[in-house]
Amino acid sequence: MKKISRIWLIRRLCQKHYKSVRPTAHQINNVIHMYGLNKYSVDGKVRSKEVLRKNIAKAYAKLN
């Protein structure tokens, strides 16, 4: 199994959605919220690794 970083996945999703090699901060934030890849919840607490792992797996499936 290939190890996937959250940042790599965000960049690839930005390239897929916006067709840009260097995405802007606005585009990156849109992708993060679209796929639920944020590290912190709305109240400022760190989200659990299990929740992040599930969201990363769903986003990676959409990438292919």
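The structure displayed is predicted, hence computed values, not measured ones. (Residues numbered from 1 in each chain as written. Predicted model: local features only at pLDDT ≥ 70, side-chain atom pairs only at ≥ 80, totals over all residues. Heavy atoms only, no water.)

Participant: Is there a simple way to think about the nonpolar core in this case?
Facilitator: A general tendency of soluble globular proteins is for nonpolar side chains to be buried together. If you look at the biggest cluster of nonpolar residues, it comprises eleven residues: Leu-9, Ile-10, Leu-13, Cys-14, Val-31, Ile-32, Tyr-35, Leu-37, Ile-56, Ala-59 and Leu-63. Elements represented by at least two residues in this core include exactly helix H1 (6-18), helix H2 (25-35) and helix H3 (49-63). No other element matches the four residues that H1 contributes to this core. If sequence neighbours within four positions are ignored, Ile-32 has contacts with Arg-6, Ile-10, Leu-37 and Asn-38. (Core = buried A, V, L, I, M, F, W, Y, C linked by side-chain atoms within 4.5 Å. Buried < 20%, exposed > 50% of the residue type's maximum accessible area, 1.4 Å probe, protein only. Helix = DSSP H or I, 4+ residues; strand = E, 2+ residues; numbered from the N terminus. Contact = heavy atoms within 4.5 Å.)

Participant: Would you explain the packing of aromatic side chains in this entry?
Facilitator: The geometry of two aromatic rings is summed up by the distance between their centres and the angle between their planes. For the structure on display, the rule yields one aromatic pair. With a centroid separation of 6.4 Å and an interplanar angle of 40°, the aromatic rings of Trp-8 and Tyr-60 are classed as tilted. In this pair, Trp-8 sits in helix H1 while Tyr-60 sits in helix H3, placing the two residues 52 residues apart along the sequence. Note on Trp-8: relative accessible area 28%, which makes it partly exposed. (Phe/Tyr/Trp six-rings, centres within 6.5 Å; stacked < 30°, edge-to-face > 60°.)

Participant: Teacher, can you tell me more about the packing of H1 against H3 here?
Facilitator: In a packed pair of helices, the relevant descriptors are the angle between the two axes and the axis-to-axis distance. Here H1 crosses H3 at 35°, and the two axes come no closer than 10 Å. Crossing hand, H1 versus H3: left-handed. Across the interface between the two elements, Arg-6, Trp-8, Leu-9, Arg-12, Leu-13 and Lys-16 from H1 touch Ile-56, Ala-59, Tyr-60, Lys-62 and Leu-63 from H3. A per-class count over the contact of H1 with H3 returns seven nonpolar, no polar and four charged. (Axes fitted to C-alpha atoms, helices over the stretch in contact; angles between N-to-C directions. Left-handed = near helix turned anticlockwise from the far one by under 90°. Nonpolar A, V, L, I, M, F, W, Y, C, P; charged D, E, K, R; others polar.)

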